[in-house]
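Here is how the chains run, residue by residue.
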Protein chains: 2
Amino acid sequence: MVIIIDILKEACDEVYQNTRNLIGTAEGNKKFGRGAGGDISRRIDLDAEKAVINTLQRHNFNPTIIGEECGMIQGKDGFLIMDAIDGTMNASRGIPFYCCSLAYSIDFRLSSVVDAAVIDLSIGDIYYASKEKGAFLNGDRICVGRSKIGNNSISEQDFQQDIVIGMNISGVSEDTFNRLSKLISRSIHTRHFGANALELCYFARGLMDAYIDFRGKIRATDMAAAYLIVKEAGAKIYSDNGSELESELGVDRTMSFMAVIDDQMYKMLADDLKIIR
Amino acid sequence: MVIIIDILKEACDEVYQNTRNLIGTAEGNKKFGRGAGGDISRRIDLDAEKAVINTLQRHNFNPTIIGEECGMIQGKDGFLIMDAIDGTMNASRGIPFYCCSLAYSIDFRLSSVVDAAVIDLSIGDIYYASKEKGAFLNGDRICVGRSKIGNNSISEQDFQQDIVIGMNISGVSEDTFNRLSKLISRSIHTRHFGANALELCYFARGLMDAYIDFRGKIRATDMAAAYLIVKEAGAKIYSDNGSELESELGVDRTMSFMAVIDDQMYKMLADDLKIIR
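So, here's what we can say about the structure. What you see is a predicted model; the values in this text were computed from it and never measured.

Conventions adopted
- Residues numbered from 1 in each chain as written.
- Chains lettered and ligands numbered in written order.
- Predicted model: local features only at pLDDT ≥ 70, side-chain atom pairs only at ≥ 80, totals over all residues.
- Heavy atoms only, no water.
- Helix = DSSP H or I, 4+ residues; strand = E, 2+ residues; numbered from the N terminus.
- Buried < 20%, exposed > 50% of the residue type's maximum accessible area, 1.4 Å probe, protein only.
- Contact = heavy atoms within 4.5 Å.
- Least-squares fit on C-alpha atoms with pLDDT ≥ 70 in both.
- Pairing = 2+ DSSP bridges.
- Axes fitted to C-alpha atoms, helices over the stretch in contact; angles between N-to-C directions.
- Buried area = accessible area lost by both parts, 1.4 Å probe.
- Salt bridge = Lys/Arg side-chain N within 4 Å of Asp/Glu carboxyl O.
- Polar contact = N/O pair within 3.5 Å; in protein donor to acceptor, adjacent residues only side chain to side chain.
- Phe/Tyr/Trp six-rings, centres within 6.5 Å; stacked < 30°, edge-to-face > 60°.
- Lys NZ or Arg CZ within 6 Å of the ring centre and 35° of its normal.

**Concerning the side chain of Glu68(B)**
Residues and elements named next belong to chain B.
Here's step 1: Structurally, glutamate 68 is set in the loop between β3 (64-67) and β4 (71-73).
Here's step 2: Given the relative accessible area of 5%, glutamate 68 is considered buried.
Here's step 3: Sequence-distant contacts of glutamate 68, defined by excluding residues within four places in its chain, comprise Gly35, Ala36, Gly37, Asp39, Glu49, Met82, Asp83, Arg219, Thr221, Asp222 and Val251.

**Things to note about the relation of the copies chain A and chain B**
Here's step 1: Structural alignment of chain A on chain B gives an RMSD of 0.0 Å, achieved by rotating through 180° and translating 0.0 Å along the axis. On this basis, the relationship between the two copies can be described by a two-fold rotation axis. When each C-alpha of chain A is compared by its distance to the rotation axis, His192(A) comes out closest, at 2.4 Å.
Here's step 2: Most of the interface of chain A is mirrored in chain B, where 100% of its interface residues are also at the interface.

**Overview of the sheet that holds strand β11 (residues 164-167) of chain B**
Residues and elements named next belong to chain B.
Here's step 1: Strand order across the open sheet formed by 5 strands is β12-β11-β13-β15-β14, with mixed pairing between neighbours. This sheet does not close on itself; its edge strands, each paired only once, are β12 (189-191) and β14 (236-238). With direction set aside, neighbouring strand axes in the sheet form an average angle of 20°.
Here's step 2: The pairing of β11 with strand β13 (residues 210-219) spans 3 bridges and is parallel.

**Concerning the interface of chain A and chain B**
Frequently, the measure chosen for interface size is the accessible area that the parts lose on association.
Here's step 1: Between chain A and chain B, the contact holds 36 residues from the first and 36 residues from the second.
Here's step 2: Interface area, chain A with chain B, both sides summed: about 3200 Å², of which 54% is carbon and sulfur.
Here's step 3: Of all residues in chain A, the largest losses of buried area upon contact with chain B belong to Met89(A), Arg93(A) and Phe177(A), amounting jointly to 22% of the total for that side.
Here's step 4: Viewed at the interface, chain B and chain A are joined by 4 salt bridges.
Here's step 5: Notably, a salt bridge pairs Arg93(A) with Asp209(B), separated by 2.8 Å at the nearest N-O pair.
Here's step 6: If you look at where chain A meets chain B, you find 21 residue pairs in polar contact (both at pLDDT 80 or more).
Here's step 7: Counting only elements with at least two residues in the side of chain A that touches chain B, the list comes to β1 (31-34), β2 (40-42), α4 (88-93), α5 (156-162), α6 (174-186) and β12 (189-191) of chain A.
Here's step 8: Examining the composition of the side of chain A that touches chain B, we find that 4 residues originate from one element, α6(A), more than from any other.

**What about the packing of aromatic side chains?**
Here's step 1: Tallied over the full model, the rule gives 18 aromatic pairs over all chains.
Here's step 2: One aromatic cluster in this structure is built from Phe97(A), Phe193(A), Tyr202(A), Phe97(B), Phe193(B) and Tyr202(B).
Here's step 3: Sitting over the face of the ring of Tyr128(A), Lys9(A) holds its NZ or CZ atom 3.9 Å from the ring centroid.

**Here's the deal with the sheet that holds β12(A)**
All names here are of chain A.
Here's step 1: The sheet built from 5 strands is open, its strands ordered β12-β11-β13-β15-β14 with mixed pairing. The sheet terminates laterally at β12 and β14 (236-238), the two strands that pair on one side only. Across this sheet, the average inter-strand angle for adjacent strands is 20°, counted without regard to direction.
Here's step 2: Bridging between strand β13 (residues 210-219) and strand β15 (residues 254-260) involves 6 bridges; their strand directions are antiparallel. Across the sheet, alanine 210 pairs through a bridge with valine 260, a residue of β15.

What follows is the structure, encoded as structure tokens:
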């Protein structure tokens, strides 16, 4: 029996091997119109999707595929949600922060994802998780958080000195901007690297304490794999109204979210972010 | 005769060799009060400064040293401006984006910097420049910019699709926030990696098209080396009032700035940023 998480990891590695010499080159950056998700497709995006699909076929694994470029390809064994290159702009510019994100789901919802793999395509680090089995980086268990945050009496000074918050503010609307302003002015250490799935993996292994994207633009294809990885690493993940994050998995589905190491951290941020539950 | 740029490069390499096994460890992160620049000093900061100073002494090179941790150490052969670890928070968390920044200046002003070296301490890439001799990465000439930006008729769509803008918004005041809001909402691709000197080196080699920090918090020690590298890579660098950037080099000197690939890019951003010249 072939185990699905192993197929996802193999597909990630296949993308890594097939794109590493193409990324950042003029050939790799050639544009081919817009994919199903609405972004410009580049040759690297298309080659990467092909590498994933070839891997699935090699294993006679035939899920319904939901892909950023290819849209939906009907199958029969559950759902494979794919962003074969997340962070295409970084890849095309040579900024070494982009990944391949693959998730397998038994139903059409985010919470039904049961296997996930994300590979850091600039160095080959692979993050993966299966439901209720924990999250891993290159075989080692990972978990969110820092010892200090467990302490209920974390001071404002500690917050400012020690907390790192990832935040995507690219092209935010005025409303969202106003909603984020208090947290931004309070946070000495914000970060934004430019590839949602890999940023969430950084968060999942404890390099950041929260990751927030309230633009309403993150697609289910960008989120599905990282969603399971951060959950299995011990994180909480909420929508921008404070409910637990949930979404259908269609290629046109977008969302806002905040991932936090625990509920104490959530409470520390929710007021700033004007979340009323 | 020993050439100063070679001493700076050697010192950078010395910091790389002396910190690579310490960075991200509990021992490396131990705190030792505040340095001259006002930030918490960690063991890696202190070890890195020591590695630089040892290298200078080995060459009987005795400039006045201006360092983020050590403050000013009086010497006689010009000024050595040092941020031995820029991006300490990243280093302490394991985020692979931090560097050592060293500049040599013949006078006490930013514009008097004549030699500069910045080493990416997570992978060992070394960026350097000497005045009027160009900027280099590992021996290869680097320059800012992208072919497309030379075109006067760049459209708003091109701007949104293709332009990457680095921006430090950590802890910005409300005023600064309002000043940046228009550009942020217009920019689909903003980035913030968390180490000023290395972000400017990314910009200098063409990975980003502008880099902006209007918080008024960047120190001369964080800026001196990158200032020369981006200038030698062909960039323009302005203060937040549109004058060419200039500053004294004291450890207590801070500034706001925007680095852009050329004057056309400057004009494209200046209105959004409410710069009136």
